[in-house]
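Structural characterization, general
In case you want the letters, here they are:
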Amino acid sequence: MKNVSLFIPCTVDLFLPHIGEATVTLLRRLGINPVYHEEQTCCGQPAINAGYQKEAQKAAKHFIKVFGDDEQVVSPSGSCVCTVKYHYPELFENEPEWRRRAEELAPRMFELSQYLVDVLNVEDVGASFAGKVTYHESCHILRGLGVSEQPKKLIKAVQGTQLVPLNAAESCCGFGGEFANNFPDISESMVKDKVENYLSSGADLLLLCEPGCLLNIGGFLSRNHPGKKAMHLANFLAPNGREGQ
Amino acid sequence: MEIQTEQFTAAVKRELQNARSRAFLKVMPPVLNMKRDIGLSTFPNIDAAQAYGAAIRQEAMARLPELLEEFEKNALANGAKVFWARDAKEANETILQLAKERGVKYVTKGKSMVTEEMGLNEILSKNGIEPWETDLGEFIAQQLHRPPFHIVGPAINVAVEEVCDLFMAKANMKEPTLDPVQLGYAARLFLRDKFHHVQMGITGVNMAVAETGTIINVENEGNIRLTKSSPKTQVSVMSLEKVVPTMKDALHMIRLLSRNCTGQKLTAYVSMDSGPKKKDEIDGPAELFILIIDNGRTKIYQDLKARDALRCIRCAACLNICPVYGQIGGYAYGWAYSGPMGQVLNPLLLGLDRTQDLYRATTLCGACKSVCPVGIDHPSMFLYYRSKDVLGDPYWKGKKRPSSEKRFFKAWISAVTRAWLWNLGIRMVRPLINKDAHDGVISKMKGPFQGWFRTRDLPAMAAKTFHDRWKEIKKI
């Protein structure tokens, strides 16, 4: 059985552990053995985004110590993968040895759907769902990693599922970490647009690959449209995970 | 122009409740984006065309001092007079002096963001010289005393009813009308009269060509051409980053600018001035002044990371794609430059202390970067500004962050680097976070995270984190 290292972001660890469990279930079903290093914490993205570079460097060093020797690292969060891939090397502008280690790790980092489709060459994971779904393109996954076709391929291969278009699928949902809390007026307006587009898509379920977007869109749905759900792709694809969110 | 960048949050609230702005923003950006897509599709290879533009601007910035010298030499050889101004004050004084020396009563102006940046109109008015904006949108914005809503269409959001009322109040026309063509005609009649007797015209510069000493303006209304060719004296104000090495470079940048800006292959008017009217020529200005203004650019130039901001050619593609601009419009940015390009430029020109909201009011979604024809990485710039701000960087006037935030990140990092402390911390924080949880959902929370809970729930913190669950999962 092939091993792959799991990186579970703090949002998933603390608030959405079912995404982590679904990721494990899914990988095991595809004959992959997920390995979880218990020393892992947070990739440092909150510090980078808030401008705390020194702190972010420490977080990055910790991450590199934990994951640096792994052949492949997969994570159910594209923004965290972007942090490691793109921001870590920038953080170590003046520390060549750490920069080298960061650059070596970068190509071994994968977002979950990217890993399934591009690395494992899997599209049909054997899941089924009778209904219409639509897909929200998370900014870091779409523009950061260039991942858009991969999740759609996985969704289309799910038996009984119809993938319907989402108007302005590529528009940001308004999460942005601290942005959602610090600029609630703008963020609220953005997530409202996203949810309106979802409601008018005719889909039964909104799928996405980013825990941050899920907290934002899911949190808005929970408050304002309790009958409608958003779900991480891992929970959609893993057996018995569909009621997860 | 009055700088109101500190009032971002209040302006956001106001604009989010402005039904007119909201309705307008739902329609305008998608239309402009569609036009842009169609315009760009006329390039055989869009990515290559954009990358070529980025390379030209990158080269121009790398060679900036040398190119400016070359431009000045060639402009002088063409018969233009070149002035240099370190800041807005010097630039305004130079223009004022030129106007006074010539006994000018009023000037006509082509739309120019740099003169907005300088506050030139206010200075001229105060000294008894009336500045008349001749771009229709700018003409309306000027009379309404509003900052530009959009850098390309400054009054694009103003309702025809409001324009009608304005023109009636200012006696620009005699009979009220809601017909845009008639309204445009009224402005045109009024401005034609101004052009007729104008002594001095002031415009900006879209591109300056080092190898030929030529300045180039692009526009669609013809007003800049009239402003440049009607008066005896032409003053062209150019921020020093506008220079490109060759005419070939300039032509490519015009192709890019037009397509990214309005979706046109080329704007209706492109005027190129290489010096004043020659002896055997029948029209054109008798004297041409080119005013090259620094106003903080050299300071930007000296910081290699910040320097990328100087690549901007003001096409506004980033405004039209920006989800934040798409909600709040241009007023909230509080100055001449709005949207992502304003969020990149204003902090460097005004200081990080006065613009904290600008570089923080972004989700870092990267849409701006994805459309930028000159390769500016806006999200990366925002992160840079934030890091300089946290350090209280004196060069960029970082303000430093609240001590509570600093304490949070200090505590956070000691836990991030020690998994045992991280997991202990989680166990300790959980009851506090979940204090008001019901059925696995938190709907309210006092304290620093109130913003989130105003319209959103949060799942309660899991009784068992993934880390805890792993101990069971790994055995299966």
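The following refers to the structure shown. (Residues numbered from 1 in each chain as written. Chains lettered and ligands numbered in written order. Predicted model: local features only at pLDDT ≥ 70, side-chain atom pairs only at ≥ 80, totals over all residues. Heavy atoms only, no water.)

So, about the overall build of chain A. Helices and strands together make up the secondary structure of chain A, namely 13 helices and eight strands. Taken against the 2.2 N^0.38 rule, which gives 18 Å for 245 residues, the C-alpha radius of gyration of chain A at 17 Å falls within 12% of a compact globule. Expressed as a percentage of the 245 residues in chain A, the buried residues total 63%. Pairs at least 24 apart in sequence give 78% of the contacts found in chain A among residues at least 6 apart. (Helix = DSSP H or I, 4+ residues; strand = E, 2+ residues; numbered from the N terminus. Rg over C-alpha atoms; globule rule 2.2 N^0.38 Å. Buried < 20%, exposed > 50% of the residue type's maximum accessible area, 1.4 Å probe, protein only. Contact = heavy atoms within 4.5 Å.)

A word on the overall build of chain B. Looking only at helices and strands, one finds 23 helices and 13 strands in chain B. Overall size of chain B, expressed as C-alpha extent along the three principal axes, is 95 × 55 × 45 Å. Within chain B, buried positions represent 59% of all 476 residues. Within chain B, contacts between residues separated by at least 24 positions form 72% of all contacts whose residues are at least 6 apart in sequence.

Here we come to the interface of chain B and chain A. The partner chain A presents 61 residues to the 65 residues of chain B that form the contact. Taking both partners together, chain B and chain A bury about 5,500 Å²; carbon and sulfur atoms supply 61% of that area. Of all residues in chain B, the largest losses of buried area upon contact with chain A belong to R456, F466 and W470 of chain B, amounting jointly to 13% of the total for that side. Put simply, chain B and chain A have ten salt bridges between them. In this structure, K13 of chain B engages D185 of chain A in a salt bridge whose closest nitrogen and oxygen atoms are separated by 2.9 Å. (Buried area = accessible area lost by both parts, 1.4 Å probe. Salt bridge = Lys/Arg side-chain N within 4 Å of Asp/Glu carboxyl O.)

This part covers the layout of surface pockets. Residue and element names in this part refer to chain B. Computed from the structure, the second largest pocket encloses a volume of approximately 1,200 Å³. The wall of the second largest pocket is formed by 50 residues, among which K111, D135, V152, G153 and P154 lie closest to the centre. With five residues, the top contributor of residues to the lining of the second largest pocket is helix α2 (residues 19-40). (1 Å grid on protein atoms, 1.4 Å probe; cavity = no way out; pocket = protein on both sides within 12 Å on 5 of 7 lines; lining within 4 Å. Points joined across faces, edges and corners; volume = space filled by probe spheres on them.)

This part is about the sheet that holds strand β4 (residues 109-111) of chain A. Residue and element names in this part refer to chain A. The parallel open sheet is built from four strands, whose spatial order is β2-β1-β3-β4. A strand with exactly one partner marks an edge of an open sheet, and here the two such strands are β2 (32-36) and β4. The mean angle between the axes of side-by-side strands here comes to 40 degrees, regardless of whether they run parallel or antiparallel. Relative to β4, strand β3 (residues 73-75) is paired through three bridges, and the arrangement is parallel. When the bridges of β4 are listed, V74 appears paired with F110. (Pairing = 2+ DSSP bridges. Axes fitted to C-alpha atoms, helices over the stretch in contact; angles between N-to-C directions.)

Attention now moves to the packing of helix α5 (residues 78-91) of chain A against helix α6 (residues 96-105) of chain A. Residue and element names in this part refer to chain A. Relative orientation of the contacting elements α5 and α6 amounts to 165 degrees, with a least axis distance of 8 Å. It follows from the interaxial angle that α5 and α6 lie roughly antiparallel. At the point where α5 passes α6, the crossing takes the left-handed sense. Residues V84, Y88, P89 and E90 of α5 lie in contact with α6, whose contacting residues are R99, A102, E103 and L105. (Parallel < 35°, antiparallel > 145°, perpendicular 65-115°, else oblique. Left-handed = near helix turned anticlockwise from the far one by under 90°.)

Residues three or four positions apart in an α-helix share a direction because the helix packs 3.6 residues into each turn. With 13 residues, helix α2 (residues 17-29) of chain A extends 19 Å between its outermost C-alpha atoms, agreeing within 8% with the 18 Å of an ideal straight helix rising 1.5 Å per residue. Listed as buried for α2 of chain A are P17, H18, I19, G20, A22, T23, V24, L26 and L27 of chain A. (Expected span 1.5 Å × (residues − 1).)

Now for helix α11 (residues 184-201) of chain A. Residues and elements named next belong to chain A. For α11, which comprises 18 residues, the first-to-last C-alpha distance of 25 Å matches the rise-based estimate of 26 Å (1.5 Å per residue) to within 8%. For α11, every residue scored as buried is listed here: P184, D185, I186, S187, S189, M190, V191, K194, V195, N197, Y198 and S201. Following α11 by one or two positions, G202 has its phi on the positive side, about 85 degrees.

A few words now on the sheet that holds strand β13 (residues 458-459) of chain B. Residues and elements named next belong to chain B. Pairing in this open sheet of three strands is antiparallel, and the strands run β11-β12-β13 from one edge to the other. Every interior strand has two partners, whereas the edge strands, β11 (437-438) and β13, have only one. Summarising the sheet, β11 and strand β12 (residues 441-442) pair through two bridges and their orientation is antiparallel. Residue pairing in the sheet places A437 in a bridge with I442 of β12.

On to a nonpolar patch on the surface. Taken together, the side chains of L251, L266, V270 and M272 of chain B make up a nonpolar region of the molecular surface, amounting to roughly 320 Å² of accessible area. A relative accessible area of 41% means that M272 of chain B is categorised as partly exposed. (Patch = residues over 30% accessible without salt bridge, like charges linked within 9 Å, V, L, I, M, F, W, Y side chains within 5 Å. Areas by Shrake-Rupley, 256 points an atom, 1.4 Å probe, with all protein chains shown as cover.)

Take empty space enclosed by the protein next. All names here are of chain B. Applying the stated criterion across every chain yields a total of five cavities of 30 Å³ or more. Its boundaries defined by the atoms lining it, the largest cavity holds a volume of some 100 Å³. Forming the boundary of the largest cavity are 15 residues, of which C322, T362, L364, C365 and C368 lie nearest the centre. At the level of elements, α16 (339-350), α18 (367-371) and α19 (378-390) are the ones that each hand at least two residues to the lining of the largest cavity. Grouping the constituent residues of the lining of the largest cavity by class yields eleven nonpolar, four polar and no charged. Of the volumes computed, that of the second largest cavity is approximately 80 Å³. When its residues are assigned to classes, the lining of the second largest cavity shows ten nonpolar, one polar and one charged. (Nonpolar A, V, L, I, M, F, W, Y, C, P; charged D, E, K, R; others polar.)

All names here are of chain B. Tracing the backbone through its elements, the reader meets Q234 in strand β7 (residues 233-239). Among the polar contacts made by the side chain of Q234, one reaches the side chain of S236 at a distance of 2.9 Å. Leaving out residues up to four positions away in the same chain, Q234 has contacts with G201, I215, K228, D273, P285, E287, L288 and F289. (Polar contact = N/O pair within 3.5 Å; in protein donor to acceptor, adjacent residues only side chain to side chain.)

The subject of this paragraph is the packing of helix α8 (residues 136-144) of chain B against helix α9 (residues 160-169) of chain B. Between two packed helices, what matters for the description is the angle formed by their axes and the separation of those axes. Residues and elements named next belong to chain B. Two elements in contact, α8 and α9, have axes separated by 11 Å at closest approach and are oriented at 65 degrees. Accordingly, the angle class assigned to the pair α8 and α9 is roughly perpendicular. The two elements α8 and α9 cross, and the hand of that crossing is left-handed. Here α8 contributes F139, I140, Q143 and L144 to the contact with α9, which in turn contributes E162, V163, L166 and F167.

Residue and element names in this part refer to chain B. Looking at where A88 falls in the secondary structure, it is placed in helix α5 (residues 88-101). For the pair formed by A88 and P65, sequence separation is 23 residues and the distance between their alpha carbons is 20 Å. Not counting residues within four places of it along the chain, the set of residues in contact with A88 comprises M118, I293 and N295.

The next point concerns the side chain of K152 of chain A. Position of K152 of chain A among the secondary structure elements: in helix α9 (residues 149-156). Overall, K152 of chain A belongs to the buried group, its relative accessible area being 19%.

Quick look at the pattern of salt bridges now. Proximity of charged atoms lets side chains of opposite charge pair with each other. All names here are of chain A. Within this structure, the stated rule accounts for 36 salt bridges over all chains. Among the ionic pairs, E104 bridges to R100, the shortest N-O distance being 2.7 Å. With E104 and R100 both in helix α6 and four residues apart, the pair spans about one turn of that helix. What makes E104 partly exposed here is its relative accessible area of 41%. According to the relative accessible area criterion, R100 is partly exposed, its value standing at 37%.

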